[in-house]
Amino acid sequence: MPVEIPVELTEVQTQSPESAHNGDWLLENFFALTDACNSWTARNTKHLDRLNLQNVSLPEMELDLLEKVEETVLLEDQYDVPVVPYTEKPIQIAALINFLASYKVLRKDHSPYTAHPMFVDIIILFLSGLPPEELTIVRITALIHDVVEEDTLRLLEKHIQDPNAGCIPPNFDLSTTENMLMAKNILNSIMPELQIGTAALELMQAVIEDEDESVTDEYKHARFIHWLNWRAQRRSDLRVVKLADKIHDLLDLDYITKNPEKSKKEIDDKLASKLAKVSFSMYSLMKQEDGSLHPDVPPQLWNIFVYILRSRIYSFDIDLSDEGIFKKTLASYQEPFETHKEKMLAECADYAQKVELWH
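These numbers come from a predicted model, not from an experiment.

**Examining the overall build of the protein**
In step 1: A count of helical and extended segments in the protein gives 16 helices and zero strands.
In step 2: Out of the 359 residues in the protein, the part that is buried amounts to 54%.
In step 3: Relative to all contacts within the protein whose residues are 6 or more apart in sequence, the contacts with residues 24 or more apart total 73%.

Now the structure itself:
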């Protein structure tokens, strides 16, 4: 089937001055903001290393540690923006859960994983344009969106039994699905009114144990987008968080561009593949069938995403022709997404029932 690259990425279009300004601000200040998030993590790790978590259980762990963890770190005056203005108690708790779950996890560039949800929160706080009554909930979801995946699932898959290695240690006598359910329920007990465990589970790829070993990564990712579209029917914060998540991914490409073990061609191909995957994911998740944005997607945040994606495509000189890696990768996700939709949704529904999510 023919695969069309979104017109926004192929034709010269005028971006609003606000979108260009905000996109350039993120590109220019990415490293300064990242360093500040990493510094926050390092300082609070020193606090945590003085404590013994073995005898502290959730949800008391978060509440007990809340006053022991620093709340706010400011960038230098020239940036005039607080990195983590965690002044509201629910946001403090969410930030602390993210910290406890991932402060020992390293990203591909060996920086603390904790900084990623923090950066997603920064994007939402300063650039989403959400009204105050919605902003707090979306920020909390942003801060905890990777908790189950980077904590319980990581510990389970790597068989890490150190009780201090994460926030919600798995039960190795239970199946993966049962551990996902357990983690969801524990997180929900901390903030019952916001159901943060449910949100965390909905924002991560469904842990489906495919019987067919030939199931490809492209199939799994296409199924993930169907999963997110389905789950977003109930929670208006999911698309916002995922969009900010991918904006951060577009900013954070040094692990590809500065890999000394890869040739220039390997780096170029990896960049093209990465940008195509992000493009497929966001256009399939944020746009409705008629091409308009879903009503729960902040237009100014979408415009920033498109601006940065276009900037990356042109700065890295990505080949958008039919023979290029970008379009071939796009097709590798689009084909199963369209061809196997009903099968994928059935698999998602089966998993949702096992982890006790709404249908």
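**Comments concerning the packing of aromatic side chains**
In step 1: Using the criterion set out here, one finds ten aromatic pairs in the structure.
In step 2: Arranged with centres 5.7 Å apart and planes meeting at 80°, the rings of W40 and F99 form a pair that is edge-to-face. Here F99 lies in helix α4 (residues 89-102) and W40 lies in helix α2 (residues 17-49), a separation of 59 residues in the sequence. In terms of burial, W40 and F99 fall into one category: buried.
In step 3: Ring centres of F280 and Y333 lie 5.5 Å apart, and the angle between their planes is 15°; on these two criteria the pair is classed as stacked. Of this pair, F280 sits in helix α13 (residues 264-286) while Y333 is found in helix α15 (residues 325-339), placing the two residues 53 residues apart along the sequence.

**A few points about the packing of α13 against helix α14 (residues 299-315)**
In step 1: Close contact between α13 and α14 brings their axes to 11 Å; oriented N to C, the two are set at 160°. Our classification of the angle between α13 and α14 gives roughly antiparallel. α13 and α14 meet at a crossing whose hand is left-handed. On the side of α13, the interface is formed by L275, V278, S279, M282, Y283 and M286, while α14 contributes W302, F305, V306, L309, R312 and I313.
In step 2: The class makeup of the residues in the contact of α13 with α14 is ten nonpolar, one polar and one charged.

**Details of the nonpolar core**
Burial of nonpolar side chains together is a common tendency in soluble globular proteins.
In step 1: Counting 106 residues, the largest nonpolar core has L26, I124, W227, F305 and F326 as the members making the most contacts within it.
In step 2: Those residues in contact with F326 that lie beyond four places of it in its chain are I5, L9, A272, L275, A276, S279, I313, I318, D319 and L320.

**Regarding the side chain of S279**
In step 1: Position of S279 relative to the elements: it lies in helix α13.
In step 2: The contacts of S279, once residues within four sequence positions are left out, are P6, L9, L309, F326 and L330.

**Focus: the confidence of the model for the protein**
In step 1: Averaged over the protein, the pLDDT score is 87; the fraction of residues at 70 or greater is 87%.
In step 2: With pLDDT under 50 throughout, residues 55-61 is counted as low confidence; its partners more than four residues away or in other chains account for nine contacts.
In step 3: Across residues 74-81, confidence stays below pLDDT 50; counting only partners more than four residues off in sequence or on other chains, it has ten contacts.

**Brief notes about helix α7 (residues 147-157)**
In step 1: Across the eleven residues that make up α7, a large majority, nine, are buried.
In step 2: In the stretch just after α7, H159 is the one whose phi turns positive, near 55°.

**Details of the pattern of salt bridges**
In step 1: This model, assessed by the stated rule, comprises 15 salt bridges.
In step 2: Measuring nitrogen to oxygen at the nearest pair gives 2.9 Å for the salt bridge that ties D249 to K246. On the criterion of helical spacing, the pair formed by D249 and K246 is a turn pair, its members being three residues apart in helix α11 (residues 237-251).
In step 3: We classify D249 as buried; its relative accessible area is 11%.
In step 4: Using a relative accessible area of 14% as the deciding quantity, one classes K246 as buried.

Thresholds, definitions, all that
- Residues numbered from 1 in each chain as written.
- Predicted model: local features only at pLDDT ≥ 70, side-chain atom pairs only at ≥ 80, totals over all residues.
- Heavy atoms only, no water.
- Helix = DSSP H or I, 4+ residues; strand = E, 2+ residues; numbered from the N terminus.
- Buried < 20%, exposed > 50% of the residue type's maximum accessible area, 1.4 Å probe, protein only.
- Contact = heavy atoms within 4.5 Å.
- Phe/Tyr/Trp six-rings, centres within 6.5 Å; stacked < 30°, edge-to-face > 60°.
- Axes fitted to C-alpha atoms, helices over the stretch in contact; angles between N-to-C directions.
- Parallel < 35°, antiparallel > 145°, perpendicular 65-115°, else oblique.
- Left-handed = near helix turned anticlockwise from the far one by under 90°.
- Nonpolar A, V, L, I, M, F, W, Y, C, P; charged D, E, K, R; others polar.
- Core = buried A, V, L, I, M, F, W, Y, C linked by side-chain atoms within 4.5 Å.
- pLDDT = per-residue confidence, 0-100.
- Salt bridge = Lys/Arg side-chain N within 4 Å of Asp/Glu carboxyl O.

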